[in-house]
Amino acid sequence: MATKIYECIQKIGDAIIENKDFLTDLDREIGDADHGVNMARGFTEVLAQLPQDETDLGKVLKKVGMVLLSKVGGASGPLYGTAYMKAAGPVNGKTELTLEDGKEMLEAVIAGIKMRGKAERGEKTMLDALEPALEALTKGLENGDDAQACLNAMCEAAREGVEYTKTIRATKGRASYLGDRSIGHQDPGATSSAITLEAIKEFYVENFK
């Protein structure tokens, strides 16, 4: 699994880069029109800098976070950088990853984003995708569902969270300046979060199913 972490990050990076224009178009509606461009730039750099010989999952994820923190502009850099650096915590020193580890990583990611962004669910941010995803993953694990079912539920909940952001007013970030005019638009950060989770699920299906 240790060598697979690079393939998984490659999958995430490719998905973000592939959706660069889509994410930028979403951000053009309610933000600075740079989310896709910034995220694609960050992951292009991540894929170039990843140390392919490192087997400690925590060290690999911390490196991803540091690159994103330094290379992604706007609010996304600190938030995504923090997300990956916090995700590293539960798997520091590990070379194998379980679904339970995944849950703990997502918990750490959410806590880090809340701390860094001073945000809560329901404010039209990436938390509106990530928190439902965590709840669905946790429920699946508690029910004893297999990994495929857990990851499917996680991604479905994240997609529903993205849809939910269309119905609410933004109270954080640039979009908050629009007030009620932000209603009707989906949040770019929630969207890139859902794309990330979908890439992780696809990676699992391709490699472990």
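Here, the structure is the one placed above.
Read on for an overview of the structure. In this text, all values refer to a predicted model and were calculated from it rather than measured experimentally.

Let us now look at a nonpolar patch on the surface. A cluster of nonpolar side chains, namely Met66, Leu69 and Met85, defines an oily patch on the protein surface of about 240 Å² accessible area. Note that Met85 resides in helix 5 (residues 76–88). With a relative accessible area of 31%, Met85 lands in the partly exposed category.

Mapped onto the fold, Glu131 is located in helix 7 (residues 127–143). Relative accessible area serves as the criterion here: at 13%, Glu131 is assigned to the buried category. Not counting chain neighbours up to four residues away, the residues in contact with Glu131 comprise Ile110, Lys114 and Arg121.

Turning to the layout of surface pockets, a few remarks are in order. Volume-wise, the largest pocket comes out at about 730 Å³. Along the wall of the largest pocket there are 32 residues; nearest its centre are Cys8, Leu97, Gly102, Met105 and Ile200. In terms of residue count, helix 9 (residues 188–208) provides more of the lining of the largest pocket than any other element does, seven residues in total. Looking at the lining of the largest pocket, its residues break down into 27 nonpolar, four polar and one charged.

Reading the values: rules and limits
Residues numbered from 1 in each chain as written. Predicted model: local features only at pLDDT ≥ 70, side-chain atom pairs only at ≥ 80, totals over all residues. Heavy atoms only, no water. Patch = residues over 30% accessible without salt bridge, like charges linked within 9 Å, V, L, I, M, F, W, Y side chains within 5 Å. Areas by Shrake-Rupley, 256 points an atom, 1.4 Å probe, with all protein chains shown as cover. Salt bridge = Lys/Arg side-chain N within 4 Å of Asp/Glu carboxyl O. Helix = DSSP H or I, 4+ residues; strand = E, 2+ residues; numbered from the N terminus. Buried < 20%, exposed > 50% of the residue type's maximum accessible area, 1.4 Å probe, protein only. Contact = heavy atoms within 4.5 Å. 1 Å grid on protein atoms, 1.4 Å probe; cavity = no way out; pocket = protein on both sides within 12 Å on 5 of 7 lines; lining within 4 Å. Points joined across faces, edges and corners; volume = space filled by probe spheres on them. Nonpolar A, V, L, I, M, F, W, Y, C, P; charged D, E, K, R; others polar.

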